[in-house]
Amino acid sequence: MVIGERPLSARRPRDDRGITGKNGLRLLVCELALGSEPLSPSPHSSASHCAAASSPTGFFSWSNTWSEMADSPGSGAAFPSQSPRTKKYSLTEEKIFYMNCRAAYLTVFKSSLENIISKDQLYLVLQHAGRNPSQKTINKYWTSQTAKLNFDDFCVILRKEKPTSKADLLKSFRQLDVNDDGSILHTDLYKFLTKRGEKMTREEVNAIINLPDVNADGKFDYIKFCKLYMTTNEQCLKTILGKLEVDSKLKCQQFGSHIEGTLERDPSPVPKPSPRVIRKTNQEMFSNKGGSRSPLLSSTRNFKTSVSLTITMSANSNQNPKLTEPNLIEDWQCVQSKGCFFLEEDGKIISHQYRMHIPEKSMVYLTIKPLKLSQVEGKPSPWLSVDTALYILVENESQANLQPLCFTELQNREVFGWTGELGPGIYWLIPSTTGCRLKKERKPVPEEALLVYRDETGKLFLTKEFRSALSDIFEVIDLDGNGLLSLEEYNFFELRASGEKCDEDAWAVCRENFDTKKNELTRQGFMELNMMEASDQGGDPRDLWVILHSMGYNKALELTEACPFVINIHAEKCKPRIKAVCMEACNGQLEKTICKYVLTNGSAKSMDGYENIIIYTYKHDSWITSVIENKSDNKLIIHVNNELSKNCVNNKGLNTYVVEVAPKSTMVCQHVMPLNERQEWVYHCVYSLIS
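Residues numbered from 1 in each chain as written. Predicted model: local features only at pLDDT ≥ 70, side-chain atom pairs only at ≥ 80, totals over all residues. Heavy atoms only, no water.

### Quick look at the overall build of the protein chain
This is how it is decided: Runs of H or I in DSSP of at least four residues are treated as helices and runs of E of at least two as strands, each being numbered from the N terminus. For every residue, the accessible area (1.4 Å probe, protein chains only) is compared with the maximum for its type, and the residue is labelled buried under 20%, exposed over 50%, or partly exposed between those bounds. Whether two residues are in contact is decided by their heavy atoms: any pair within 4.5 Å suffices. Note on areas: Shrake-Rupley, 1.4 Å probe, and residue coverage restricted to the protein chains presented here.
Secondary structure summary: the protein chain contains 18 helices and 29 strands in total. Here the protein chain, with 691 residues, has 55% of them falling under the buried criterion. Long-range contacts, defined here as pairs at least 24 residues apart, represent 76% of the contacts in the protein chain between residues at least 6 apart. Counting every atom, the protein chain has about 30,500 Å² of accessible surface; 48% of that belongs to carbon and sulfur.

If you want it as structure tokens, here you go:
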């Protein structure tokens, strides 16, 4: 099958690293047109060189098209250029990294003390660092609650997002080079860039094919283009590094929490925050709504006041379950939908969200529980111990006006449920997990599983273990459980695997090439699709691993960073309907809902002498949730200490940490669960106001 007939336009996995985005392309074209002059270190001069680069619409990146077919960059270098060294002193790798970070930052900002205040600026400065991020990458670091990022945040992102290499660029272009002669016809290039992935405009494509040095006779010379691209990036970096070297004011600036010392000292590398815990330092947080910070020893802080809470919880035997099925439930009408909690690289949890329609007033019984999959003997099933809950919100007039109604508070072993009467209308179902048992895996995998193999004739096959994992993935993404994948269901999978959706035309080609039934993809067709992926890559499993990691699998093919679940809805007098409508982070609306529920149903305790600071604690048989309310006009910094708790684990993964609470706001401080639910557990927490 030729590239132009590829069944799924978004099928190529993406490791959240683009090749070159539209902003980056516009920027590159401007630089090339200026004779490879790098942009000056000012946001205003950057804009004057290339106004389109800071356009609000500039985030539909070209990278999302090219990276569909690109391998994940393997370079570990911070930038594509040579590591800069002075004539007199030998720099450590850490110093080189920070020097390059500064160089990129100062191509966009006048000072490292300036903050990134928009997605456009974040995109632009990452482009200058050679990162060329996809839309998904930008959204990962700039959420709806983000107000600004500083230089430290930028450094953390650069540690995590690896740069694009020349080899990656060339490999991407070669997959469109049908004649294998180092060039692509303008007609093919135009068709690809305007029809596939995040589509470019005619003007943008014309800017590419009008570059004189890389176009001739109706063809785009991508080898020259890649060389020119890398050379331009390196020249920009070298120029600003030179300016840093001669400009003592720039050189001596304090960059975030990293202060430049004299080179004679050659200090040890300054430890930086882990990419897994974005910016949890004593600097400004990513979110302007408050959040957790890394632990700070209480001896280094002055506390204005403190309040302590102690709750002793008995072992949860589940011998007397509170959740029971209604009588004659077998006569009620039932619908089902599956979904999944996914753990993101930054520790956030995202999941499907649903709309439910109840056509008439009826008693309703809702449950949620982890989804049981095919369990291979000897392999753990950690997701089965993850707590699940479901919040029900009623839609009043519009989707923007959702009112919390109830949640699945009752429990019977791993099943959480709710029974009650609902009137006719539209309801939203928002799944939730505390995050206490769905965390980043820390133990190393001793041996990487094989995904493909060749027989004695050289024919490629998927291994039994990989086929089993794919079958489980099919089970998870088959949301309605009918044994088939609709386009809507498949696109939820595509959003995880590649960050994009498959359009109707590509889906039609898919139906022509793979096993389908009723215009939907069968389990066998899904296997064939992945077999094609393996074949297209010549047996190279890297793209397949990107997909597996995005679905929560580790290198041993164990599902460790996701928790599939199933929702069942029974209605006594009508046929309910449920539909997955989006996949979003478990914050925002969910955070507001949890806060409101805890404020209404939890116990309250204010800090001595500070009646405007209130700690609310909600106690469930299986967990404890605390919420902090700040009624004052000032931002608060609260130190949280759980060191005297026993047999407990919290969603932060830290015994002590600091949170910021915005003025006139509430925030979920922590969720706590027992390490061993068959033993007594003691929750003891001290909340202290830092002066």
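### Brief notes about the nonpolar core
Rules: Buried Ala, Val, Leu, Ile, Met, Phe, Trp, Tyr and Cys residues that are joined via side-chain atoms within 4.5 Å together make up what is termed a nonpolar core.
Leu 366, Leu 429, Ile 473, Phe 493, Phe 526, Leu 548 and Ile 569 are the most contacted members of the largest nonpolar core, which has 98 residues in total. Sequence-distant contacts of Leu 366, that is, excluding residues within four places in its chain, are made with Met 356, Leu 390, Ile 392, Thr 408, Phe 416, Gly 417, Trp 418, Leu 429, Asn 568 and Ile 569. The next biggest cluster of nonpolar side chains, apart from the first, holds 24 residues, and it includes Ile 628, Leu 636, Cys 648 and Tyr 687.

### What about the packing of aromatic side chains?
Where we set the bar: Ring geometry is summarised as follows: Phe, Tyr and Trp rings, the Trp one being its six-membered ring, pair when their centres sit within 6.5 Å, and such pairs are stacked at plane angles under 30 degrees, edge-to-face over 60 and tilted between the two.
Applying the stated criterion across every chain yields a total of 21 aromatic pairs. Look at Phe 341 and Phe 565: their rings are 4.9 Å apart centre to centre, the planes differ by 50°, and that puts the pair in the tilted class. Here the residue Phe 341 occupies a position in strand E8 (residues 333–343), and Phe 565 occupies one in strand E20 (residues 562–571), the gap between them amounting to 224 residues. Here the aromatic rings of Tyr 391 and Phe 407 are separated by 4.9 Å at their centres, their planes lie at 15°, and the arrangement is stacked. Of this pair, Tyr 391 sits in strand E11 (residues 389–395) while Phe 407 sits in strand E12 (residues 402–407); the two residues are 16 residues apart in sequence, bridging distant segments of the chain. Ring-pair connections join several aromatic residues into one group, and the members of that group are Tyr 391, Phe 407, Phe 416, Tyr 597, Tyr 618 and Trp 623.

### Let's talk about the pairing of strand E10 (residues 362–370)
Where we set the bar: At least two bridges found by DSSP between two strands are what make those strands a pair.
By the criterion of burial, E10 is predominantly enclosed, with seven of the nine residues buried. Of the strand pairs in this sheet, E10 and E20 are connected by seven bridges, and their pairing is antiparallel. The residue bridging Val 364 from the neighbouring strand is Ala 571, located in E20.

### Quick look at the packing of helix H13 (residues 464–477) against helix H16 (residues 523–536)
Condition: Between N-to-C directions, angles span 0 to 180 degrees; the directions come from axes that are lines fitted to C-alpha atoms, helices contributing only their stretch in contact. An angle below 35 degrees is treated as roughly parallel, one above 145 as roughly antiparallel, one from 65 to 115 as roughly perpendicular, and anything else as oblique. Crossing handedness is read from the near helix: turned anticlockwise from the far helix by less than a right angle, it gives a left-handed crossing, and turned clockwise, a right-handed one.
Packing of H13 against H16 leaves a shortest axis separation of 10 Å and a crossing angle of 125°. The orientation of H13 relative to H16 falls into the category oblique. In this structure, H13 crosses over H16, and the sense of that crossing is right-handed. Of the residues in H16, those in contact with Arg 467, Leu 470, Ser 471, Ile 473, Phe 474, Glu 475 and Ile 477 of H13 are Arg 523, Gln 524, Phe 526, Met 527 and Asn 530.

### Section: the confidence of the model for the protein chain
Rule in force here: Confidence of the predictor in every single residue is expressed as pLDDT, which spans 0 to 100.
Averaged over every residue, the pLDDT of the protein chain is 78; the share at 70 or more is 76%. Across residues 1–90 the pLDDT falls below 50, and counting only partners more than four positions away or on other chains, this stretch makes 283 contacts in the model. Low confidence marks residues 248–300, where pLDDT is under 50. Its contacts with residues over four positions away, or in another chain, come to 125 contacts.

### Notes on the side chain of Lys 338
Heads up, the rule is: Contacts described as polar in this section are N or O atom pairs within 3.5 Å, which, within protein, must combine one atom able to donate a hydrogen with one able to accept it, while residues neighboring in sequence count only if both atoms come from side chains.
The residue Lys 338 is located in strand E8 in this model. Of note is the side chain of Lys 338, whose polar atom sits 3.1 Å from the backbone oxygen of Asp 478.

### A word on the sheet that holds strand E26 (residues 648–650)
Across the sheet, which stays open at both edges, the five strands sit in the order E22-E23-E24-E28-E26 with antiparallel pairing between neighbours. The sheet is open, and its two borders are formed by strand E22 (603–607) and E26, each paired with just one other strand. Across this sheet, the average inter-strand angle for adjacent strands is 25°, counted without regard to direction. Pairing between E26 and strand E28 (residues 665–674): three bridges, direction antiparallel. Considered in E28, the bridge of Cys 648 is made with Pro 674.

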